[in-house]
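# Reading the structure
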Amino acid sequence: MPQPFAKADPATVFRLFDRTARTYDLLNDLLSLGLHRLWKRQAVALLQPRPGERIVDLCCGTADLALLLAERVRPRGGVIGVDGSAAALEQARQRAGERPWLPLEFIHGDVLALTLPPGAADGVMMAYGLRNLASAAAGLRAIRRLLRPHGRAVVLDFNRPSHPLWSQAQRSYLRRVVVPVARMLELEAEYTYLERSIATFATGPQQETLARQAGFAVARHHPVAGGLMGLLELHLATAGQS
Ligand SMILES: C[S@@+](CC[C@H](N)C(=O)[O-])C[C@H]1O[C@@H](n2cnc3c(N)ncnc32)[C@H](O)[C@@H]1O
């Protein structure tokens, strides 16, 4: 039997994503009807990666975003994907191997204990990772540490809709669609945690406050897909300072 999800324990989180790695991309497409691709493209558009830049994709998983970002920083730039799940990184490396011209490398490790030097990145992306970290505040500090002065970051994740109807719709979808589909793949426990992780995740305004406390001059949370998802836009400097 899989162990119950324990948010505060990174090893448990990594094991969970080790178990989901092989079917992760398929389930993402199936369960979001492909919409996760659109949300990821919105995240990339908000980050605006440019040729020559160094971008770090934290909690990169199977590298959906790292691959998109690597296309955008060519030539001369590079992308580093970081993840704590060895199985997810195996998938990521396999996919990157199919496009060997992309400037992409991977680091296996905990984003809260990264050895990359401070200021190593022009931009940082984190998709569906912040919610899974032991502490969202620590995650935002880790992002800030990686950025050069005037750097920027985008965090994409589930959001708790403020409207009760949307909230109810999200709950029903998770219980009636996501969990039953995951059950068919013997991943029920792994996907049951989703509802709990969303329920305990910081709201958009709370994320903005945490980000300012972490040292970001600009922190704006944009609801996406009727508020079911959210994009947190972060800048170390205000427009006048850059
Ligand atoms: C829901 S997946 C998202 C993957 C990818 N970013 C995407 O959007 O498809 C979350 C990923 O975060 C990773 N993760 C969670 N906590 C982590 C941590 N503390 N350090 C490194 N990776 C972590 C998991 O291993 C998993 O691959």
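Predicted model only: the values in this text are computed from it and were never measured.

## A few points about the overall build of the protein chain
For the protein chain, the count of helices and strands is 8 helices and 7 strands. Against the globule reference of 18 Å for 242 residues, the protein chain gives a C-alpha radius of gyration of 17 Å, in line with a compact fold. Across the 242 residues that make up the protein chain, the buried fraction comes to 37%. For the protein chain, long-range pairs separated by at least 24 residues make up 70% of all intrachain contacts whose partners lie at least 6 apart in sequence.

## A few points about the packing of helix α1 (residues 10–31) against helix α4 (residues 86–97)
Any two packed helices are characterised by how steeply their axes cross, that is the angle between the axes, and by the distance between the axes. Where α1 meets α4, the axes come as close as 7 Å, and the angle between the chain directions of the two elements is 30 degrees. Viewed along their axes, α1 and α4 adopt a mutual orientation that is roughly parallel. From α1, Phe 17, Asp 18, Ala 21 and Tyr 24 reach across to α4, where they touch Ala 86, Ala 87, Ala 88 and Gln 91. Of the residues belonging to the contact of α1 with α4, the class tally is 6 nonpolar, 1 polar and 1 charged.

## Some thoughts on the nonpolar core
When a protein is soluble and globular, its nonpolar side chains tend to lie buried together. Counting residues in each nonpolar core, the largest one holds 58 residues, and the members touching the most others are Leu 58, Ala 66, Val 124, Met 125, Met 126, Ile 143 and Val 154. Tallying contributions element by element places helix α3 (residues 64–73) first for this core, with 6 residues. Excluding residues that lie within four positions of it along the chain, Leu 58 makes contacts with Val 82, Val 111, Val 124, Met 126, Gly 129 and Ile 143.

## Side note on the site of the ligand
Inspection of the region around the ligand gives 21 residues, with Phe 17, Cys 59, Gly 61, Gly 84 and Ser 85 positioned closest. Where the shell around the ligand is concerned, the elements lending two or more residues are α1 and α3. It is α1 that contributes the most residues to the shell around the ligand, 4 residues altogether. Here the shell around the ligand is composed, by residue class, of 13 nonpolar, 5 polar and 3 charged.

## Points about the packing of helix α2 (residues 35–47) against α3
Across the interface, α2 lies against α3 with an axial gap of 10 Å and an inter-helix angle of 40 degrees. With respect to their mutual orientation, α2 and α3 come out oblique. α3 is crossed by α2, and the crossing has right-handed handedness. Residues Lys 40, Ala 43 and Val 44 of α2 lie in contact with α3, whose contacting residues are Asp 64, Leu 65, Leu 68, Leu 69 and Arg 72. The residue inventory of the contact of α2 with α3, partitioned by class, reads 5 nonpolar, no polar and 3 charged.

Conventions and cut-offs
Residues numbered from 1 in each chain as written. Predicted model: local features only at pLDDT ≥ 70, side-chain atom pairs only at ≥ 80, totals over all residues. Helix = DSSP H or I, 4+ residues; strand = E, 2+ residues; numbered from the N terminus. Rg over C-alpha atoms; globule rule 2.2 N^0.38 Å. Buried ≥ 20, exposed ≤ 12 C-beta atoms within 10 Å, placed from the backbone. Contact = placed C-beta atoms within 7 Å. Axes fitted to C-alpha atoms, helices over the stretch in contact; angles between N-to-C directions. Parallel < 35°, antiparallel > 145°, perpendicular 65-115°, else oblique. Nonpolar A, V, L, I, M, F, W, Y, C, P; charged D, E, K, R; others polar. Core = buried A, V, L, I, M, F, W, Y, C linked by C-beta atoms within 7 Å. Near = placed C-beta within 6 Å. Left-handed = near helix turned anticlockwise from the far one by under 90°.

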